[in-house]
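Spelled out, the chains give:
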Amino acid sequence: SMYGKFGGQFVPEVLMPALTELEEAYDKYKEDPEFLAELDYYMKEFAGRETPLYFAKNLSKKYGIKIYLKREDLVHGGAHKLNNTLGQALLAKYMGKERLIAETGAGQHGTATAMAAANMGFISEVYMGAKDVERQHMNVYRMELMGSRVNAVESGSKTLKDAINEALRDWVTNVENTHYLIGSVVGPHPYPMIVRDFQSVIGKEVKEQIMEKEGRYPDSIVACAGGGSNAMGIFHPFIEDKEVKLFPVEAGGKEMKTTEKEALHSSSLCAGEEGILQGAHTMILQDKYGQILESSSVSAGLDYSGVGPELAYLADIGRVTPCNVNDDEALEAFYELSRLEGIIPALESSHAVAYVMKMAKTGELGDLVVISLSGRGDKDLETVFKLKEEE
Ligand SMILES: CC/C=C(/N=C/c1c(COP(=O)(O)O)cnc(C)c1O)C(=O)O
C-alpha cells in the first residue's frame, strides 16, 4: 500500500472495514478464473477491446518522428474509463454490493460507471461538481439516460476534488450496500493499485502491438495525467523496460503560477508539494497552511489538485519525467489532430498530443513514440467553439 513514502490509507476509522473488505475481495478474485473470464468477456464484447495502436502517418510526417496513437477513444463510451469501471463493478457484484457511487469531472468516468451499472443491474449515483455539470453537459444526459442519478456538487471549486469529497461522505454512510467506484489511481490503498491493474490492459496491448508493427519497444510513451490512470495503465507494463522513457503530461492551465487562494494550473507533479489528499500521501497543490488550492484547466478531467501516489513515487525516483502544456497548447493540439488525422481528441488527451508536437524535434522523445489517446472530443465541442467565439 506504500509507494516509497507515498500512498497509504489516511481515512477516518469508520472506512477502514470497507477498505479491508475491498482489498480481501480483490486479492481473492484477481486470480479467480471465473472472475477473469467474465471480465475478459466484458472487455471484448461490451467495451470493444482490443483497441488499435494507430500509426498517425500525417502527424508523423509533419513532426518528423514515428507517432502511434493508442486508441482508448474507441473504447465504448469514448474513453479509457470503462476499463476500470467494468473491473470494479464486476468486483462489486462478486462482493454482493447492490449500489455503485462515483465521482466525475469530465463526465467520462461517470458515464462509464452508468454503463457498467445499467448493464450489471446496479443502482448508481454520480457526484459531479456544478462547474463540470455545466461544461460536460452531454455526459450528464448520458448518465441520466442510463439510469444514474447525477448530484451536482456546489461546495468548494465545484470540480473533481469536491465531487470526491461528497462521494466519500456518501460511502461512509452507505458502506454496507455500496461500492465507491473511484475513477482514477487516487484515494486510499487498495484503490490506486486496483485501478492501475485494471487500466494496465492498455499497456499490455501496446507491448504486443508495437512489437508486431515495429519489432521493438517505443523510445517514449506520452500520456496526460489528471489522477494518472490512463498514464499508469499504459506505463505499468513498461516500468521494468528502462530504455522506454515515460512522460506524464499535466495541465499547465492558464500559466504555471499560484496565487494566495488558487493555482492557475493543475500540475501537481511538476509544481506541487507532498501532502495528504483524499486518503493518500501524494503530491498536491496546497497553500502554505496545507489547505488544498483550487486547480485550473481547460479540461475538466485534468482539473484536479492532486495526483496518484504511485505516479508521485515514480516521479520521485526518476522513472517518469513529469511535464506539462498549457490550455492554449492543448487547444492547438485539439485542432491539429482533428485536421491532420480526422480524429477529434478529448481536451485531456490533447495535452499528450501537444507535448509530442512541442518536443518532437528536440530529440527528447526519440524516433518512435506512443501517445495514449485517452478519449474522444465530442464532449468538448461546445467548450472549444465557445472559446473560438470569444477569440
Ligand atoms: C475520475 C475523474 C476524471 C475523469 N476523466 C478524466 C480523464 C483523463 C484524466 O484522468 P486519468 O487518466 O485518471 O489521469 C484523461 N482522459 C480523459 C478522456 C478523461 O476523461 C472523469 O470524470 O471523466
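Going by the structure above, here's the rest.
Residue positions are counted from 1 within each chain, in the order its sequence is given. Predicted model: local features are reported for residues with pLDDT of at least 70 only, side-chain atom pairs are reported and counted for 80 or more only, and whole-chain, interface and lining totals are derived from all residues. Each side-chain value is derived from all of the structure's non-hydrogen atoms; neither hydrogens nor water enter the calculation.

**Student:** How should I be thinking about the environment of Asn83 in this particular structure?
**Tutor:** Relative to the elements of secondary structure, Asn83 occurs in helix α4 (residues 81-94). Measuring from C-alpha to C-alpha, the distance between Asn83 and Leu381 comes to 24 Å, with 298 residues separating the pair along the chain. Contacts of Asn83, omitting those with residues within four sequence positions, involve Met43, Arg49, Glu72, Val75, Phe198, Gln199, Val201 and Ile202. Nitrogen and oxygen atoms within 3.5 Å of one another constitute a polar contact, given that in protein one can donate a hydrogen and the other can accept it, and given that sequence-neighbouring residues count only through two side-chain atoms. Within the local environment of Asn83, its side chain forms a polar contact with the side chain of Arg49, the two groups lying 2.9 Å apart. Secondary structure counts use DSSP, requiring at least four H or I residues in a row for a helix and at least two E residues in a row for a strand, with both numbered from the N terminus. Residue contacts are counted whenever heavy atoms from the two residues lie within 4.5 Å of one another.

**Student:** Sorry, what's going on with the sheet that holds strand β5 (residues 99-104) here?
**Tutor:** Adjacent strands of a sheet pair through backbone hydrogen bonds, lying either parallel or antiparallel. Pairing is parallel in the open sheet, where four strands are placed in the order β7-β6-β5-β8. The two strands at the open ends of the sheet, each matched to only one other strand, are β7 (149-153) and β8 (178-180). Adjacent strand axes in the sheet meet at a mean angle of 20° when their direction is disregarded. In this sheet, strand β6 (residues 123-129) lies alongside β5 in parallel orientation, the contact comprising six bridges. Bridge pairing links Ile101 to Glu125 in β6. DSSP calls a pair of strands paired once it identifies at least 2 bridges connecting them. Axes here mean lines fitted to C-alpha atoms, for a helix over just the part in contact, with angles spanning 0 to 180 degrees between N-to-C directions.

**Student:** Help me out: how do you make sense of the site of the ligand in this one?
**Tutor:** In the neighbourhood of the ligand, 26 residues make up the surrounding shell, with Thr104, Gly105, Ser184, Gly228 and Ser229 lying closest. A distance of 2.9 Å is found between an oxygen atom of the ligand and a backbone nitrogen or oxygen belonging to Gln108. Interatomic distance of 2.7 Å between a side-chain N/O atom of Ser229 and an oxygen atom of the ligand. The protein chains shown are the only cover counted for residues, whose accessible areas, like all others here, come from Shrake-Rupley with a 1.4 Å probe. In isolation the ligand has 520 Å² of accessible area, and contact with the protein removes 99% of it. Listing elements by their share of the shell around the ligand, those giving two or more residues are β5, α5 (108-120) and α11 (229-235). Tallied by class, residues from the shell around the ligand come to seven nonpolar, 16 polar and three charged. Neighbouring residues are identified by heavy atoms, a residue being near a molecule or strand if any of them is within 4 Å of it. Three classes are used: nonpolar for Ala, Val, Leu, Ile, Met, Phe, Trp, Tyr, Cys and Pro, charged for Asp, Glu, Lys and Arg, and polar for all others, with Gly counted as polar.

**Student:** Just checking my understanding: could you explain the packing of aromatic side chains for this structure?
**Tutor:** For any pair of aromatic rings, the description consists of the separation of the ring centres together with the inter-plane angle of the planes. Only centres within 6.5 Å qualify two rings of Phe, Tyr or Trp (six-membered ring in Trp) as a pair; their planes then separate them into stacked at under 30 degrees, edge-to-face at over 60, and tilted for everything else. Enumeration according to the criterion identifies 13 aromatic pairs in this entry. Where Trp171 meets Tyr191, the ring centres are 6.0 Å apart and the plane angle is 70°; that geometry is what we call edge-to-face. You can see Trp171 sitting in helix α8 (residues 160-174) and its partner Tyr191 sitting in helix α9 (residues 191-199), a full 20 residues away along the chain. Classification of residues uses two cut-offs on accessible area relative to the type maximum, computed with a 1.4 Å probe and protein chains only: under 20% is buried, over 50% is exposed, and between them is partly exposed. Classification of Trp171 as buried rests on a relative accessible area of 3%. Judged by its relative accessible area of 1%, Tyr191 falls in the buried class. Considering the side-chain rings of Phe247 and Tyr355, the 5.8 Å spacing of their centres and the 35° angle between planes classify their relative orientation as tilted. You can see Phe247 sitting in strand β10 (residues 245-251) and its partner Tyr355 sitting in helix α15 (residues 347-359), a full 108 residues away along the chain.

**Student:** Explain helix α10 (residues 201-214) to me, please; I cannot follow it from the model alone.
**Tutor:** Because an α-helix packs 3.6 residues into every turn, residues spaced three or four apart end up facing the same way. What a helix should span is 1.5 Å times the count of its residues minus one. Counted at 1.5 Å a residue, the expected span for α10 with its 14 residues is 20 Å, and the 20 Å between its end C-alpha atoms agrees. Buried residues of α10: Val201, Ile202, Gly203, Glu205, Val206, Gln209 and Ile210, and no others. Where α10 is buried, its residues meet β3 (53-55), β4 (66-71), α4, α9, α11 and β14 (368-373).

**Student:** What is the right way to look at the side chain of His179 in this model?
**Tutor:** Position of His179 among the secondary structure elements: in strand β8. Side-chain polar atoms of His179 contact the side chain of Gln88, separated by 2.8 Å. In contact with His179, other than residues within four places in its own chain, are Leu22, Gln88, Ala92, Lys97, Arg99, Leu100, Ile101, Trp171 and Tyr191.

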